[in-house]
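Here is how the chains run, residue by residue.
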Amino acid sequence: MKILALTIPYLKLFVISIDTECDKGRGWEIIRPLSFVGIYKGVGEYLQPLFEKYKVKATYLISPEVMEDAKSVEILKDIEKSGAELGTHLHGEFVEPLSNPNAYKTEEKAENYDDEVEYQKLKNLTDLFVNVFGFRPTSYRAGRFSITDRTFNFLERLGYKVDSSITPYSFGHPPIPPTPYFVNNILEVPITSYTKNWGLFKILKATPFYKWRRFRKVVSRFGPIWLRPSLFDYKGMLKLVEDLEKTFGDMVLNMFMHNMEVIPSLSPYNAEFTRKNLENIIPAIIDRGYKPAILHDVYTAYKNANSPFEN
């Protein structure tokens, strides 16, 4: 696979990328019958007003079941007119072939599909998006962050420009710099996650003491930190940004969350904690000189850059 990386000095972009799904329970189980309060209230009444307050934009990566809910589609169409980006998010339980719409959780991994099954699911997901929204999506995220080399080829065949499925240092993904890079003609914009001592973290995690909760808490200090307001407080996330700037200079920051995480009891996380972190980290990042961007803006900036080098 051909990977092209780019050095773009003085480029400071801030992306908010949101997995946009049906409501989930405290253990990520799918609430039945399907409900979409995390879109009606989470997106429509909280997230979009918050983003408009700080003049930031978001990329909503939409799971297929959401596209079959008329009210959710209406809300998403409306915010797209205001500058938000709409893209796709594959949870294979909700799309053919071999769908499982009565699944307890969305836990299938695309890496476990046969080539043809993954491609057809991606194609059907893309076709559904086009039928619902009237234009082709250009940004994508895999469910469960499950992406392989073949996926990039499939995305290119389907007209995508950007993927955002890689989580450096997490979910089996490589310990690579959390900076954008090209895989063939697809720009990978990793979720912002980083650790300053990956080697020590792996050693400590492999010890028998890791089964002890207090030991795990200590070890977590050496592990990956994400720009993710449902898991990390705003002070820790701001320290992450400062460390990244010291190590890599100007950055493209990609903050990750789910839409339902801002509504109580619709995810395993504390909605009040998530909201507090969002309302503090967004202005702090803007104050550091970062320009709000959607994923497609990042693609445009990198595609137009003139200093590529091949890895």
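Residues numbered from 1 in each chain as written. Predicted model: local features only at pLDDT ≥ 70, side-chain atom pairs only at ≥ 80, totals over all residues. Heavy atoms only, no water.

Peer 1: Where do I start with the overall build of the protein in this structure?
Peer 2: Summing up its helical and strand segments, the protein has 10 helices and 13 strands in all. A compact globule built from 311 residues would reach a C-alpha radius of gyration of about 19 Å, and the protein, at 19 Å, matches this within 12%. Projected onto its principal axes, the C-alpha positions of the protein cover 45 × 45 × 45 Å. Across the 311 residues of the protein, 52% fall into the buried class. Considering only contacts within the protein whose residues lie at least 6 apart along the sequence, 75% involve residues at least 24 apart. (Helix = DSSP H or I, 4+ residues; strand = E, 2+ residues; numbered from the N terminus. Rg over C-alpha atoms; globule rule 2.2 N^0.38 Å. Buried < 20%, exposed > 50% of the residue type's maximum accessible area, 1.4 Å probe, protein only. Contact = heavy atoms within 4.5 Å.)

Peer 1: Help me out: how do you make sense of the nonpolar core in this one?
Peer 2: General note: in soluble globular proteins, nonpolar side chains tend to be found buried as a group. If you look at the biggest cluster of nonpolar residues, it comprises 70 residues, and the most contacted ones within it are Leu-47, Phe-51, Tyr-60 and Ile-282. The greatest single-element share of this core, amounting to seven residues, is contributed by helix H4 (residues 115-133). When sequence neighbours within four positions are dropped, the list of residues in contact with Phe-51 reads Ile-16, Ile-18, Val-56, Ala-58, Tyr-60 and Ile-282. Judged by nonpolar contacts, the second largest core, of 14 residues, contains Leu-187, Val-189, Leu-295 and Tyr-302. (Core = buried A, V, L, I, M, F, W, Y, C linked by side-chain atoms within 4.5 Å.)

Peer 1: Sorry if this is basic, but what is going on with unusual backbone geometry here?
Peer 2: Omega for the peptide link from Arg-32 to Pro-33 comes to -10°, which places this bond in the cis form. Of note, Pro-33 is situated in the loop between strand E2 (13-20) and helix H1 (37-40). Positive phi values are uncommon outside glycine, yet Leu-98 reaches one of about 55°. Along the chain, Leu-98 falls in the loop between strand E4 (85-90) and H4. Within the chain, Asn-184 stands out as a residue other than glycine whose phi angle is a positive 55°. Among the structural elements, Asn-184 can be located in the loop between strand E7 (181-183) and strand E8 (186-188). For Asn-184, a relative accessible area of 22% puts it in the partly exposed group.

Peer 1: Could you clarify how one ought to interpret the pattern of salt bridges in this entry?
Peer 2: When their charged atoms lie close together, side chains carrying opposite charge are able to pair. Going through the model one piece at a time under the given rule, you end up with 10 salt bridges. With its nearest N and O atoms 2.6 Å apart, the salt bridge here joins Glu-21 to Lys-24. In this structure, Glu-21 and Lys-24 share a single accessibility class: buried. Put simply, Arg-150 and Glu-118 hold a salt bridge, and the shortest N to O gap is 2.5 Å. Placement of the pair is Arg-150 in helix H5 (residues 149-157) and Glu-118 in helix H4, with a sequence separation of 32 residues. For the pair shown, Arg-150 and Glu-118 are each scored as buried. Among the ionic contacts, a cluster of salt bridges with common partners joins Asp-115, Glu-118 and Arg-150. (Salt bridge = Lys/Arg side-chain N within 4 Å of Asp/Glu carboxyl O.)

Peer 1: So what exactly am I meant to see when it comes to the side chain of His-258 here?
Peer 2: Mapped onto the elements of the fold, His-258 is located in strand E11 (residues 252-258). Side-chain polar atoms of His-258 contact the side chain of Glu-261, separated by 2.9 Å. For His-258, the residues in contact, after removing those within four places along its chain, are Ile-18, Asp-19, Glu-21, Trp-28 and Arg-228. (Polar contact = N/O pair within 3.5 Å; in protein donor to acceptor, adjacent residues only side chain to side chain.)

Peer 1: Would you explain helix H2 (residues 42-54) in this entry?
Peer 2: Three or four residues apart is the spacing at which side chains of an α-helix point the same way, because the helix has 3.6 residues per turn. With 13 residues, H2 should cover 18 Å at 1.5 Å per step; its first-to-last C-alpha distance of 17 Å lies within 8% of that length. Considering bend angle alone, the principal kink of H2 is centred on Gln-48 and spans about 25°; proline Pro-49 follows within four residues of it. Where H2 is concerned, the buried positions are Gly-42, Val-43, Tyr-46, Leu-47, Gln-48, Leu-50 and Phe-51. Those residues of H2 that are buried lie in contact with E2, H1, strand E3 (59-62), helix H3 (70-81), E11 and helix H9 (271-287). Remark: Lys-55 follows H2 within two positions and exhibits a positive phi of approximately 60°. (Expected span 1.5 Å × (residues − 1). Bend = angle between axes of the 7 residues up to and from the residue.)

Peer 1: Looking at this structure, how should I read the environment of Thr-106?
Peer 2: Relative to the helices and strands, Thr-106 is located in the loop between E4 and H4. You can call Thr-106 buried: its relative accessible area is 9%. Sequence-wise, Thr-106 and Lys-24 are 82 residues apart; in three dimensions their C-alpha atoms are separated by 9.6 Å. Those residues within four positions of Thr-106 in sequence are excluded, and the remaining contacts are Lys-24, Ile-30, His-91, Glu-93, Phe-94 and Arg-144. A polar atom in the side chain of Thr-106 sits 3.2 Å from the side chain of Lys-24.

Peer 1: Could you clarify how one ought to interpret H5 in this entry?
Peer 2: Every buried residue of H5 is listed here: Arg-150, Thr-151, Phe-152, Phe-154 and Leu-155. Gly-159 lies just past H5 and shows a positive phi near 90°.

Peer 1: Is there a simple way to think about the confidence of the model for the protein in this case?
Peer 2: When pLDDT is low, close inspection of the predicted coordinates is not appropriate. Looking at the protein as a whole, the pLDDT averages 93, with 95% of positions reaching at least 70. Confidence drops under pLDDT 50 across residues 307-311; counting only partners more than four residues distant or on other chains, this segment forms 14 contacts. (pLDDT = per-residue confidence, 0-100.)

Peer 1: Would you take a moment to explain the side chain of Thr-274 for this structure?
Peer 2: By the element assignment, Thr-274 lies in helix H9. Every residue in contact with Thr-274, bar those within four places of it in the chain, is listed here: Pro-229, Ser-230, Met-257, Glu-261 and Val-262.

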